[in-house]
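Residue-level structural notes
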Amino acid sequence: MKGKVRNYYAGGNTAKGFYNLYDSALEGLERLFILKGGPGTGKSSLMKSIGEKMEGKGLDIEYLHCSSDNNSIDGMIIPEFQIGIVDGTAPHVIEPKAPGVIEEYVNLGIAWNSEKLSHYKEEILRLNETISATFERAYDTFAAALRAHDDIEDIYISNMDFEEANRLTAEMISFFYNDDSLDKKAVVKHRFLGAATPNGAVDFIQNLTEDLNKRYFLKGRAGTGKSTMLKKIAAEGEERGFDVEVYHCGFDPHSLDMVIVREKNIAIFDSTAPHEYFPVRETDEIVDIYERCVTPGTDETFAEDIERTTSAYKDKMKEAISYLKEAKGLRDQLEAYYIGAMDFAKVDQIKQSLLEEIEKLIVKPS
């Protein structure tokens with residue numbers, strides 16, 4: 001039987017620039033292989049291939065997806081054995097804590113023809129510079145979108161009943177934990193459930209929650225306290241000793257979009273655009289903050305202002321995504337130079353050697 005697969009992001013293209021949560025995602029691993037090498041050297045393909053082999057052995061696998069390329073992954077983890085492989089090149093450079101003991105570098109650069117690459121030195125330098133500038137334009141535009149989003153939030157914040165919001169949060173904490181606690185130190189993992197990508201907004205909510213008994217769908221508007229509620233639920237779980245998965249917003253990483261407490265078999269997530277979902281199981285439940293905590297008729301009273309600010313926000317988001325798409329096209333050009341200079345037979349040898357090393361580590365005691 002194949003192992004379960006969980007998908008998420010550990011880094012994202014956000015309104016705060018490229019935001020890195022790799023330290024949290026990789027924390028606690030006993031063995032980490034850090035791949036080095038330029039674009040197009042086969043890092044993602046290598047990790048996918050090893051991950052699929054581990055799935056075939058019945059092991060659960062976590063894939064850390066790449067927010068700048070919808071077809072690539074940036075990491076692969078085998079949680080049962082605390083083993084991981086990660087792309088350690090910019091913008092998510094991994095700093096080893098115990099080189100040779102926990103972390104080990106794997107250099108795919110030994111498989112390229114440096115002399116062949118040197119013929120394209122000027123083109124490679126130019127592309128790298130242009131790609132970097134294009135990402136900066138994307139980040140600046142996401143920041144402008146966030147400012148427009150803040151304008152939307154202001155409308156609802158001024159019409160919120162925060163005492164009622166606090167009461168609702170207390171109810172949700174009670175639903176989550178009752179009077180339960182565990183006599184251990186909580187493990188808290190920080191991740192992204194989705195990302196802004198060259199293909200637009202992508203999320204893995206359904207994958208991450210598919211095997212949970214209880215799911216709460218948070219409905220509301222910008223500024224109605226969804227993230228604040230999630231932060232309080234996460235903090236309460238940590239205080240009570242429950243392991244907590246904390247999923248940050250791929251647009252504004254200072255906000256939260258989802259909290260999962262697997263020891264309680266429960267999740268709660270922001271179920272508004274761009275990751276809007278509705279209940280499909282009997283145990284799914286909507287929590288409507290707008291209905292409970294916002295002055296009735298706010299949508300109608302401020303319809304014109306809401307339309308104006310929402311339009312500005314959406315326009316900036318579309319523009320920012322267009323820059324990510326442009327950067328992806330430029331990166332494809334850059335990768336082509338490296339692909340043409342690679343000896344992929346050597347990459348296959350590196351993969352086979354890495355696979356053999358991992359297989360030694362996953363031998364279960366009889």
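As recorded in an unreviewed UniProt entry, the protein goes by the name ATPase, listed as coming from Halalkalibacter nanhaiisediminis.

Once that is clear, we can look at the overall build of the protein. Helices and strands together make up the secondary structure of the protein, namely 11 helices and 16 strands. In terms of overall size, the protein behaves like a compact globule, its C-alpha atoms giving a radius of gyration of 22 Å where 366 residues would be expected to give roughly 21 Å. For the protein, the C-alpha atoms occupy an extent of roughly 70 × 55 × 35 Å along the three principal directions. A total of 366 residues make up the protein; the buried ones form 52% of that total. In the protein, the proportion of contacts linking residues at least 24 apart, taken out of those at least 6 apart, comes to 79%. With an accessible surface of roughly 17600 Å², the protein has 49% of that area assigned to carbon and sulfur atoms. With 44 positive and 64 negative side-chain charges, the protein shows a spacing of 4 Å between the two charge centroids.

Turning our attention to the pairing of strand β6 (residues 73–78). Of all six residues in β6, six are buried, a share of seventy percent or more. Alignment of β6 against strand β7 (residues 83–87), held across four bridges, turns out to be antiparallel. Across the sheet, the residue bridging to Met76 is Ile85, located in β7.

Moving on, we get to the nonpolar core. Of all hydrophobic cores here, the largest spans 57 residues; its most connected members are Phe142, Ile233, Phe251 and Ile268. When residues in this core are grouped by element, the largest group, 13 residues, is from helix α4 (residues 121–157). The residues touching Ile233, leaving out its near neighbours within four places in the chain, are Met172, Ile173, Phe176, Tyr177, Val259 and Ile268. By size, the runner-up hydrophobic cluster in this structure holds 27 residues, among which are Leu21, Ile77, Phe204 and Tyr247.

The subject of this paragraph is the layout of surface pockets. Put simply, the largest pocket is a space of about 1200 Å³. Surrounding the largest pocket, 44 residues form its lining, His149, Thr272, Ala273, Pro274 and Tyr313 being those nearest its centre. Breaking the lining of the largest pocket down by element, the ones donating at least two residues are α4, β10 (194–197), β11 (200–203), α7 (226–239), β14 (256–261) and α10 (303–340). Residue composition of the lining of the largest pocket, grouped by class: 19 nonpolar, 14 polar and 11 charged.

Once that is clear, we can look at the packing of α4 against α10. The N-to-C vectors of α4 and α10 enclose an angle of 165°; their axes lie 8 Å apart at closest approach. Classified by the interaxial angle, the pair formed by α4 and α10 is roughly antiparallel. The interaxial crossing formed by α4 with α10 has left-handed handedness. Here the contact of α4 with α10 is built from residues that sort into 25 nonpolar, eight polar and eight charged.

For the rest of this paragraph, the subject is the packing of aromatic side chains. Inspection of every chain in the model, using the stated rule, returns 12 aromatic pairs. Centroid distance Tyr19 to Phe192: 6.4 Å. Interplanar angle 85°. Geometry classified as edge-to-face. Of this pair, Tyr19 sits in strand β3 (residues 17–20) while Phe192 sits in strand β9 (residues 188–192), and the two are 173 residues apart along the sequence. Taken together, the ring pairs in this structure connect Phe175, Phe176, Tyr177, Tyr216 and Phe242 into an aromatic cluster. In this arrangement the basic side chain of Arg191 is found over the ring face of Tyr8, its NZ or CZ atom lying 4.2 Å from the centre. A cation sits over an aromatic face here: Arg221 above Tyr290, 3.8 Å from the ring centre.

For the rest of this paragraph, the subject is the domain arrangement of the protein. As far as domains go, the protein holds domain 1 (5–112 + 343–363) and domain 2 (161–294). Look at where the C-alpha atoms of domain 1 and domain 2 centre, and you get two points 28 Å apart. Taken together, the contact pairs 24 residues of domain 1 with 26 residues of domain 2. In total, about 2000 Å² of surface goes out of reach between domain 1 and domain 2, with carbon and sulfur atoms giving 55% of it. Counting the surface domain 1 buries against domain 2, the share from its top three residues, Arg6, Tyr9 and Asn70, is 31%. Linking domain 1 with domain 2 are two salt bridges. Between Glu62 and Arg191 there is a salt bridge; the shortest N-O distance is 3.6 Å. The tally of links from domain 1 across to domain 2 stands at 10 residue pairs in polar contact (both at pLDDT 80 or more).

Reading guide: rules and limits
- The residue count restarts for each chain, going from 1 along the sequence in the order it is written.
- Restriction of local features to residues with pLDDT of at least 70 applies here, the model being predicted, together with a cutoff of 80 or more for giving and counting side-chain atom pairs; totals for whole chains, interfaces and linings are based on all residues.
- Neither water nor hydrogens contribute to the side-chain values; these are computed over all heavy atoms in the structure.
- A run of DSSP states H or I qualifies as a helix once it reaches four residues; a run of E qualifies as a strand once it reaches two. Both are numbered from the N-terminal end.
- Taken over C-alpha atoms, the radius of gyration is set against a globule rule of 2.2 Å times the number of residues to the power 0.38.
- Each residue gets one of three labels from its accessible area relative to the maximum for its type: buried under 20%, exposed over 50%, partly exposed in between, using a 1.4 Å probe on protein chains only.
- Between two residues, a contact is recorded if the distance between any of their heavy atoms is within 4.5 Å.
- Here the open area of atoms and residues is found with the Shrake-Rupley method and a 1.4 Å probe, where only the protein chains shown may cover a residue.
- His is not counted here, nor are the chain ends, while Lys and Arg score as positive and Asp and Glu score as negative.
- Taken as the charge location is NZ of Lys, CZ of Arg, CG of Asp or CD of Glu.
- For two strands to pair, DSSP has to find at least two bridges joining them.
- Only buried residues count toward a nonpolar core, which is a set of Ala, Val, Leu, Ile, Met, Phe, Trp, Tyr and Cys residues joined through side-chain atoms within 4.5 Å.
- Buriedness for pockets is judged along seven lines, at least five of which must meet protein on both sides within 12 Å for an open set on the 1 Å grid over protein atoms alone, while cavities are sets there where a 1.4 Å probe fits but cannot get out, and lining residues have an atom within 4 Å of a point.
- Grid points are joined across faces, edges and corners, and a volume is the space filled by probe spheres set on the points.
- Three classes are used: nonpolar for Ala, Val, Leu, Ile, Met, Phe, Trp, Tyr, Cys and Pro, charged for Asp, Glu, Lys and Arg, and polar for all others, with Gly counted as polar.
- An axis is simply a line fitted to the C-alpha atoms; with a helix, the fit covers only the stretch in contact. Between two such axes, the angle follows the N-to-C directions and lies from 0 to 180 degrees.
- Any angle that falls under 35 degrees is termed roughly parallel, while one over 145 is termed roughly antiparallel, one within 65 to 115 roughly perpendicular, and all others oblique.
- By definition, any crossing whose near helix is turned counterclockwise from its far helix by less than a right angle is left-handed, and any crossing with a clockwise turn is right-handed.
- Note on ring pairs: Phe, Tyr and Trp rings are taken, using the six-membered ring of Trp, and paired if centres are within 6.5 Å. Classes follow the plane angle, with under 30 degrees stacked, over 60 edge-to-face and the rest tilted.
- The criterion for a charge sitting over a ring is simple: Lys NZ or Arg CZ within 6 Å of the ring centre, and within 35 degrees of the ring normal.
- Domain start and end points were adopted from an automatic or database domain assignment.
- The term buried area refers to how much accessible surface (probe radius 1.4 Å) is lost by two components on association, counted for both of them together.
- For this analysis, a salt bridge means a side-chain nitrogen from Lys or Arg found within 4 Å of a carboxyl oxygen belonging to Asp or Glu.
- Pairs of N or O atoms within 3.5 Å make up the polar contacts considered here, provided that, within protein, one atom can donate a hydrogen while the other can accept it, and that residues adjacent in sequence are counted only when both atoms are side-chain atoms.

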